[in-house]
Amino acid sequence: MKESSENNSSFDAKEFIKHLTGRPGVYQMLDCNDKVIYVGKAKNLKKRVSSYFLRSGLAPKVQALVKHIDGIEVTVTHTENEALILENNLIKSLLPRYNILLRDDKSYPYIYLSSHHKFPRLASHRGARNKKGRYFGPYPSAGAVRESLNLLQKIFHVRQCEDSFFANRSRPCLQYQIKRCTAPCTKLISEENYRQDIDHAALFLEGGNQQVIDTLVLKMDAASSFLNFEKAAIYRDQIIALRKVQEKQYVSGDGDGGDIDVVAVDVRGGIACVQVFYIRGGRSLGSKSFFPRNIKDSDASGVLTAFLPQYYLGKDVPQEIIVSELLGDAVLLEQVLTESSGHKVTVSYNVRSARARWLAMAITNARYAVLQRLADKAGMQQRLEALQQVLGMDSLPQRMECFDISHTQGELTVASCVVFDSNGPLKSDYRRFNIEGITPGDDYAAMNQALTRRYTRLKKGEGKIPDILFIDGGKGQLSEAEKVLEELQISDLILVGVAKGSERIAGNESLFLSSTSKPIILPSDSKASHLIQQIRDEAHRFAITGHRKRRAKARTTSPLEAVQGLGAKRRQILLKQFGGLQEVARAGVEDLANVHGISKQLAERIYEQFHEA
């Protein structure tokens, strides 16, 4: 049995963290028996997980935990709040030993609305939900509930006093005097009018009352126009707090959602990952990744079609299975699983609302799992060997570089250079080049300038000449690269142009070499092709993010100006609706899309602007 990850474990923390995303999420630490020993959440997974492996400054309890880490699994979420709720769900279901030692594991609080009174009350609630009424939440902390109740009391004037206090009033209390309550205890408001306030409060807590925020926005604008900035700031703070109350949690439903599995697949680079999310009683209890073998020439739908019966037959099957791909034999699968499980099983594809959000999360995690597997050292070795054979090299390539160009209609062109070595991406050696002095949209001139600047420096000894230089493009881009290398008298590398096929489908690329007249088309299951796709995709990603940042800096200090399709009017609406840029940055896609004038596609672009992978 392994005793310590430092001495006996095969887990390489440095290599794992190197390829970890910087998005919000939950991490599960496993021991040598694959048992979860600690669950944590993070606003930035990469930064948080890496903090456990510092050489000094760790608390003794954390050091004890780290010694037993033999693996780490992560679940990416849309927001930090989602990560917090999912962390709580996992701790409750798994009871990791080090969570008991390292944190106070209390239940999360709810907002409770009574239903058995003529004049219902709003209150904070923690523990079993067995009273008559409605429960909204859970919320990250008791402080968040108190803040929410205080704000709701200001807006809706609904009572929050205890029943014993309410029943013994002969005159209104102080809450009525400061306009926090309408004094239903002394019949100063009718039952009908009070019910309207209750309905509005409940509607808002469900996330369906946009009118409240719109009213506050109008009041904030009016206060600003009269130069009453102090009052405007109060309204702004109320908007921010209301958004926090309304914010949707993708990992927690209302508790009545039944048992559902969400199954998503991602196929790239010759690797397929099937991600299964387990939803029980409306709550996500985490996920598990599967990597099917023998997927040659199979698309995502084919992989999922083969996986589902193998996984579910002979096991407990939930009432509903949500899938990321349209299955040709979904009806047959439903019949077989229904007969084998003894209860009706539904296989759903086109889903909405909470189910759509669960599915989006599963798809995201499947993609990250594939990218993590592609970065694996053993797999990298096999792909390098295949590439060596394709290009006829005497030895394995030790260093590869790839260039790509990004711009919007010729505006603010950026060239990217990514570097891979025998371990995968070497991000410390990545470079971007702001292209100047060319005809807008001239990709050939942009490539020429970027290569000239890059390899002039390398000729001066400011870096290493790669074994292979990949150029994202066909014969035209390859010709420009040849000119630059000839001018700089660089001949000891292999130059490869990577052009997408006519249908621009990954895996159908053509390779153009200086030494051959006809392109090389590799099989879709070629490990060399998978490596080239990975390198080219990374260059493309790095170029696009560089262009977005340059465009944002050139136009304004606000990152929102870099979002395509988001004009000045909608930027203003967005900032008012959320109370500022910081709150826009922390919002999820669904929350952004709820703002008038913001489509789902535009919301996704806004979200991506603040959450670079």
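Residues numbered from 1 in each chain as written. Predicted model: local features only at pLDDT ≥ 70, side-chain atom pairs only at ≥ 80, totals over all residues. Heavy atoms only, no water.

Trainee: Sorry, what's going on with the overall build of the protein chain here?
Mentor: Within the protein chain, the regular secondary structure consists of 22 helices and 19 strands. By the burial criterion, 49% of the 613 residues in the protein chain qualify as buried. Pairs at least 24 apart in sequence give 62% of the contacts found in the protein chain among residues at least 6 apart. Here the protein chain has roughly 30200 Å² of accessible surface; of this, 48% comes from carbon and sulfur atoms. (Helix = DSSP H or I, 4+ residues; strand = E, 2+ residues; numbered from the N terminus. Buried < 20%, exposed > 50% of the residue type's maximum accessible area, 1.4 Å probe, protein only. Contact = heavy atoms within 4.5 Å. Areas by Shrake-Rupley, 256 points an atom, 1.4 Å probe, with all protein chains shown as cover.)

Trainee: Sorry, what's going on with the environment of Tyr110 here?
Mentor: Looking at the secondary structure, you find Tyr110 in strand β4 (residues 110-114). The exposure class assigned to Tyr110 is buried, which follows from its relative accessible area of 5%. Each C-alpha atom of the pair Tyr110 and Gly127 lies 8.8 Å from the other, and the pair is 17 residues apart in sequence.

Trainee: Quick question: what am I supposed to make of the packing of aromatic side chains here?
Mentor: Pairs of aromatic rings are described using the distance from one ring centre to the other and the angle between the two planes. Counted according to the given criterion, the structure contains 15 aromatic pairs. Centre to centre, the rings of Phe119 and Phe166 are 6.3 Å apart; their planes meet at 50°, and the pair counts as tilted. Taken together, the residues span a long stretch of sequence, with Phe119 in the loop between β4 and β5 (122-125) and Phe166 in helix α7 (residues 163-167) at a distance of 47 residues. The class of Phe119 is buried, set by a relative accessible area of 8%. When the ring of Phe290 is compared with that of Tyr311, the centres are 5.1 Å apart and the planes differ by 65°; the resulting orientation is edge-to-face. Separated by 21 residues along the polypeptide, Phe290 in strand β9 (residues 283-290) and Tyr311 in helix α12 (residues 300-312) bring together distant segments of the chain. The same class applies to Phe290 and to Tyr311, which are both buried. Positioned above the aromatic ring of Phe166 is the side chain of Arg159, whose terminal nitrogen or guanidinium carbon lies 4.1 Å from the ring centre. One Lys or Arg, Arg373, reaches over the ring of Phe291 and ends 3.7 Å from the middle of that ring. (Phe/Tyr/Trp six-rings, centres within 6.5 Å; stacked < 30°, edge-to-face > 60°. Lys NZ or Arg CZ within 6 Å of the ring centre and 35° of its normal.)

Trainee: Teacher, can you tell me more about the packing of helix α16 (residues 443-459) against helix α17 (residues 475-487) here?
Mentor: When two helices pack together, their arrangement is given by the angle between the helix axes and the distance between those axes. One can describe the packing of α16 onto α17 by two numbers: an axis separation of 9 Å at closest approach and a directional angle of 35°. Crossing geometry of α16 relative to α17 is assigned as right-handed. Facing Tyr444, Met447, Asn448, Leu451 and Thr452 of α16, the residues of α17 in contact are Gly476, Gln477, Glu480, Ala481 and Val484. Tallied by class, residues from the contact of α16 with α17 come to 5 nonpolar, 4 polar and 1 charged. (Axes fitted to C-alpha atoms, helices over the stretch in contact; angles between N-to-C directions. Left-handed = near helix turned anticlockwise from the far one by under 90°. Nonpolar A, V, L, I, M, F, W, Y, C, P; charged D, E, K, R; others polar.)

Trainee: Could you clarify how one ought to interpret the pairing of β4 in this entry?
Mentor: A regular strand carries its side chains on alternate faces of the sheet. A large share of β4 lies buried, amounting to 5 of its 5 residues. Where β4 lies against β5, 4 bridges are found, and the strand directions are antiparallel. The residue bridging Tyr112 from the neighbouring strand is Ala123, located in β5. Judged from the 4 bridges that link them, β4 and strand β6 (residues 133-136) form a sheet pairing that is antiparallel. The residue of β6 that forms the bridge with Ser114 is Gly133. (Pairing = 2+ DSSP bridges.)

Trainee: How should the sheet that holds strand β1 (residues 25-30) be read in this particular structure?
Mentor: What holds strands together in a sheet is hydrogen bonding between their backbones, with the strands either parallel or antiparallel. With antiparallel pairing, the 3 strands of this open sheet are ordered in space as β2-β1-β3. Only two strands of the sheet have a single neighbouring strand rather than two, namely β2 (36-42) and β3 (71-76). Across the sheet, the axes of successive neighbouring strands diverge by a mean angle of 20°, strand direction being ignored. Inspection of the sheet shows β1 paired to β3 by 6 bridges, in the antiparallel sense. Counted as the bridge partner of Gln28 is Glu73 from β3.

Trainee: What should I look at first to understand the sheet that holds β5 in this one?
Mentor: Taken in spatial order, the 3 strands of this open sheet run β5-β4-β6, and their pairing is antiparallel. Of all the strands in the sheet, the pair left with one neighbour each is β5 and β6. Averaged over all pairs of adjacent strands, the angle between strand axes in this sheet comes to 30°, irrespective of strand direction.

Trainee: Is there a simple way to explain α17 in this structure?
Mentor: For the α-helix, the turn length of 3.6 residues means that residues three or four positions removed from each other point alike. Between its first and last C-alpha, α17 extends 18 Å over 13 residues, near the 18 Å set by a 1.5 Å rise per residue. Within the span of α17, buried status applies to Gln477, Leu478, Glu480, Ala481, Val484 and Leu485. For α17, the angular spread of the buried residues around the axis is 160°, confining them to a single face. Residues of α17 that are exposed and point more than 90 degrees away from the buried face comprise Lys475, Glu486 and Glu487. On the buried face of α17, the contacting elements are α16, β16 (468-472), β17 (494-499) and β18 (510-513). (Expected span 1.5 Å × (residues − 1). Arc of directions from axis to C-beta.)

Trainee: Whenever I open this one, the pattern of salt bridges confuses me. Can you help?
Mentor: Pairing between side chains becomes possible if they bear opposite charge and their charged atoms approach one another. By the definition in use, this model includes 11 salt bridges. Of the charged contacts in the structure, one is a salt bridge between Arg268 and Asp266, with a shortest N-O distance of 2.8 Å. Salt bridges sharing partners connect three or more residues here, namely Arg399, Glu401, Asp429 and Arg454. (Salt bridge = Lys/Arg side-chain N within 4 Å of Asp/Glu carboxyl O.)

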